[in-house]
Amino acid sequence: MKKQWWNDKICYQIYPKSFCDTNGDGIGDLPGIISKLDYLKDLGVDMIWISPMYASPLADQGYDISDYYDIDPRFGTLADMDRLLAEAHKRDMKILMDLVVNHCSDEHEWFRKACEDPEGRYGKFFYLEHTEHPEELCNWRSYFGGSVWEKLPGHEDYYYLHVFHRKQPDLNWENPELREEIYRMINWWLDRGLDGYRLDAIINIKKALPFRSYEADRDDNMVTCTRMLHDAEGIGGFLGEMRDRCFKPHNAFTVGEVFNEKDSELPDFIGDNGFFSSMFDFSATVFGESQLGLHDRRDITPDDYRNCIFAAQKRIEPVGFISNIIENHDEPRGVCRYIPEGEISADSKKVLATVYFLLRGLPWIYQGQEIGMENWKLDSIEQVDDISALDSYKVMLEAGVSEEEALRAVEKYSRDNARTPFQWDGTAQAGFTTGTPWLPVNPNYTELNLEAQKNDPASVFHHYRKLTRLRKSAEYRDTLVYGSFEPYLQDRHNVIAYFRKSDKQTMLVMANYQTEPQTLPLPGNVKKVALNTASEVKTVDKEITMQGYQAVVLELED
Ligand code: ISL
Ligand code: CA
């Protein structure tokens with residue numbers, strides 16, 4: 001693997017709407033992000049991905065863009081964006097924007113013009129079907145529920161494709177004129193000083209054509225639109241072109257949001273001349289998913305979690321550099337997902353942090369993760385904002401699931417869990433806003449907030465700071481960044497342990513992932529304890545007795 005400028009970076013995701021509000025309108029903004037750069041620098045962050053803040057009706061919270069060349073006034077102005085880039089670069093930090101180009105907003109000028117003249121230039125920017133027999137359109141179900149086909153406004157016999165919400169019409173990547181427009185826009189931002197991108201839902205830009213129906217997978221006679229991805233060939237043509245025309249000339253960093261990839265595609269995706277610099281490991285994220293609905297999802301045990309991440313590490317290691325996460329703006333809080341219910345505590349949060357953060361690849365922290373923010377308890381479906389969770393709720397009720405069970409499933413998996421405002425301190429609205437936040441603050445903010453944790457050396461926050469410093473330390477950096485990954489005690493129940501090895505040294509990351517203590521064999525003598533989440537490290541004769549929810553990072557003797 002060729003070394004790259006970004007390999008040793010520590011990355012952070014900001015969901016701008018919920019990060020920091022400076023003008024009291026209840027919506028986080030760019031000046032808010034700028035005001036927290038010093039905080040992030042101190043945490044050890046080098047690279048920040050900001051979820052979309054382009055002009056948007058916010059039907060899908062910014063993932064529906066109406067003008068790619070402007071910042072939404074609710075988030076700030078282009079001048080704020082320029083200031084953010086300058087302030088970040090001053091601190092030797094990089095800024096990534098979200099590249100949402102599978103679709104735009106139905107309020108984008110292109111789509112409005114397509115509605116005016118479906119057969120004209122802009123009609124060809126989208127997938128429009130001209131038919132008097134809509135029942136013959138293919139039977140794909142959109143990610144957010146319902147058919148992917150919607151009547152083109154102002155027309156009786158034209159339909160447009162949307163694999164996400166109906167306010168997110170898919171862009172037709174087969175059309176070279178559309179691709180030119182996209183590349184022009186990407187280069188406009190990169191020339192402005194942007195350092196790279198997170199590529200949204202990118203695998204969807206290639207459709208299996210011509211459109212055709214598949215066997216239904218639910219009673220609605222539809223099939224998930226991901227079904228067509230198995231048959232979609234040739235995405236590499238688009239991705240390679242985009243890399244060569246945009247990212248490569250700028251030496252930009254890119255991380256792909258890639259689901260459903262085929263194993264054979266990995267080298268093309270993140271090999272040395274890959275389409276992307278990196279891509280996220282979603283193997284644990286998607287564990288237990290069910291086509292039937294959220295209520296049917298299987299919980300993930302610590303052993304399952306270990307097996308997922310270890311398999312991904314093995315699969316990726318010969319190819320490239322993966323991006324490791326425990327949560328993002330589409331997922332419940334990692335601590336509520338990967339720690340068994342009833343065992344969530346500062347100790348177990350630190351264990352989870354240690355385990356995922358030191359895997360081979362880029363560590364990503366999602367806002368609030370560094371203080372161990374948790375899911376939001378729901379009293380009623382009325383409280384839910386997430387369009388995807390609302391759809392799932394409907395599907396569950398239609399399938400005969402009780403309202404209570406459906407609500408509990410939404411509570412567990414809703415995207416709102418990650419979208420409640422950042423808990424800065426114990427004052428009103430957790431210090432996020434002086435107004436009314438667009439989504440309520442998690443009531444646990446009075447206890448769980450950054451200010452309190454800053455004052456507590458044993459806090460989750462201080463542990464994350466230790467982790468970033470460990471990965472950057474002169475002593476261990478080369479091993480923790482470039483060293484190989486090797487599982488240890490892979491068959492032991494509730495143990496997650498692995499080696500990171502380089503020519504220089506062998507490190508052992510080891511976690512007792514349960515409440516009860518357990519004694520485990522050590523593969524060699526301990527040279528140094530690099531990190532420890534408990535009060536002591538008890539070793540006797542190549543054995544270690546670990547407390548409940550304890551993680552250690554050990555340097556071993558040669
Ligand atoms: O493929 C999935 C799961 O197997 C979906 O989760 C899908 O890939 C994902 O929802 C895509 O998410 C991204 O694009 C969406 C947006 O709503 C999300 O917030 C974003 O992360 C549409 O732009
Ligand atoms: Ca604001």
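A quick note: this is a predicted structure, and the numbers were derived from the prediction, not measured.

Chemist: What should I look at first to understand the coordination of the calcium ion (ligand 2) in this one?
Modeler: For a metal bound by four donors in tetrahedral geometry, the ideal donor-metal-donor angle is 109.5 degrees, whereas six donors in octahedral geometry ideally sit at 90 or 180 degrees. Distances from the calcium ion (ligand 2) to its protein donors, Asp21 (OD), Asn23 (OD1), Asp25 (OD), Ile27 (O) and Asp29 (OD), fall at 2.3 to 2.4 Å. In primary-sequence terms, the residues that donate to the calcium ion (ligand 2) follow D-x1-N-x1-D-x1-I-x1-D. A residue is classified by how much of its surface remains accessible, and Asp21, at 7% relative accessible area, is buried. Assessed through its relative accessible area of 35%, Asp25 is described here as partly exposed.

Chemist: Where do I start with the sheet that holds strand 20 (residues 526-532) in this structure?
Modeler: Whether parallel or antiparallel, the strands of a sheet pair through hydrogen bonds between backbone atoms. Here we have 5 strands laid out as an open sheet, ordered 16-17-18-23-20, and antiparallel in their pairing. Only two strands of the sheet have a single partner each, and these edge strands are strand 16 (484-488) and strand 20. Here the average twist between neighbouring strands, direction ignored, is 25 degrees. Across 5 bridges, the pairing between strand 16 and strand 17 (residues 495-501) is antiparallel. Bridge pairing in strand 17 links Phe485 to Arg500.

Chemist: Is there a simple way to think about the nonpolar core in this case?
Modeler: Soluble globular proteins tend to pack their nonpolar side chains together in the buried interior. Core analysis: the biggest nonpolar cluster contains 176 residues, and Met81, Tyr197 and Tyr305 have the highest contact counts within it. Per element, the largest residue contribution to this core is 7 residues, and it comes from helix 5 (residues 176-192). If near-sequence neighbours (up to four positions away) are discounted, Tyr305 is found in contact with Ala284, Ile300, Ile326, Tyr338, Leu352, Val355, Tyr356 and Ile496. Listed in part, the 14 residues of the second largest apolar core include Ala497, Phe499, Met546 and Val552.

Chemist: Please explain empty space enclosed by the protein as it appears in this structure.
Modeler: Here the idea is plain: a probe the size of a water molecule rolls over the atoms and shows the empty space left. Scanning all chains against the criterion turns up 4 cavities of 30 Å³ or more. Considered as a void within the structure, the largest cavity measures approximately 80 Å³ in volume. For the lining of the largest cavity, a count of residues per class yields 4 nonpolar, 1 polar and 4 charged. In this structure, the second largest cavity spans a volume of roughly 50 Å³. Residue lining of the second largest cavity: Asp281, Ala284, Thr285, Tyr305, Ile309, Asn324, Ile325, Tyr356 and Leu359, and that is the complete set. A class-by-class count of the residues in the lining of the second largest cavity yields 6 nonpolar, 2 polar and 1 charged.

Chemist: Please clarify how the side chain of Arg243 should be interpreted in this entry.
Modeler: Among the secondary structure elements, Arg243 is positioned in helix 6 (residues 235-250). Apart from residues lying up to four places away in sequence, Arg243 is in contact with Lys248, Pro249, Asn273, Gly274 and Phe275.

Chemist: In this structure, what is going on with the packing of helix 3 (residues 78-90) against helix 5? I would like to understand it.
Modeler: When two helices pack together, their arrangement is given by the angle between their axes and by how far apart the axes lie. One can describe the packing of helix 3 onto helix 5 by two numbers: an axis separation of 10 Å at closest approach and a directional angle of 55 degrees. In terms of orientation, helix 3 and helix 5 fall into the oblique class. Between helix 3 and helix 5, the contacting residues are Leu78, Met81, Asp82 and Leu85 on the first element and Trp188, Trp189 and Arg192 on the second. Within the contact of helix 3 with helix 5, the residues separate by chemical class into 5 nonpolar, no polar and 2 charged.

Chemist: Help me out: how do you make sense of the pattern of salt bridges in this one?
Modeler: Any two side chains of opposite charge can pair, on the condition that their charged atoms come close. Counting across every chain of the model gives 46 salt bridges. Between Asp80 and Arg83 there is a salt bridge, with its nearest N and O atoms 3.8 Å apart. Taken together, the residues Asp80 and Arg83, both in helix 3 and 3 residues apart, mark about one turn of the helix. Owing to a relative accessible area of 40%, Arg83 belongs among the partly exposed residues under this scheme.

Chemist: How do you make sense of the environment of Ile387 when you look at a structure like this?
Modeler: Locating Ile387 in the fold gives a position in helix 11 (residues 387-398). Non-local contacts of Ile387, meaning those with residues more than four positions away in its chain, are made with Ala59, Asp60, Phe144, His165 and Arg415.

Definitions and cut-offs
- Residues numbered from 1 in each chain as written.
- Chains lettered and ligands numbered in written order.
- Predicted model: local features only at pLDDT ≥ 70, side-chain atom pairs only at ≥ 80, totals over all residues.
- Heavy atoms only, no water.
- Donors = N, O, S within 2.8 Å, 3.2 Å for Na, K, Ca; no water.
- Buried < 20%, exposed > 50% of the residue type's maximum accessible area, 1.4 Å probe, protein only.
- Pairing = 2+ DSSP bridges.
- Helix = DSSP H or I, 4+ residues; strand = E, 2+ residues; numbered from the N terminus.
- Axes fitted to C-alpha atoms, helices over the stretch in contact; angles between N-to-C directions.
- Core = buried A, V, L, I, M, F, W, Y, C linked by side-chain atoms within 4.5 Å.
- Contact = heavy atoms within 4.5 Å.
- 1 Å grid on protein atoms, 1.4 Å probe; cavity = no way out; pocket = protein on both sides within 12 Å on 5 of 7 lines; lining within 4 Å.
- Points joined across faces, edges and corners; volume = space filled by probe spheres on them.
- Nonpolar A, V, L, I, M, F, W, Y, C, P; charged D, E, K, R; others polar.
- Parallel < 35°, antiparallel > 145°, perpendicular 65-115°, else oblique.
- Salt bridge = Lys/Arg side-chain N within 4 Å of Asp/Glu carboxyl O.

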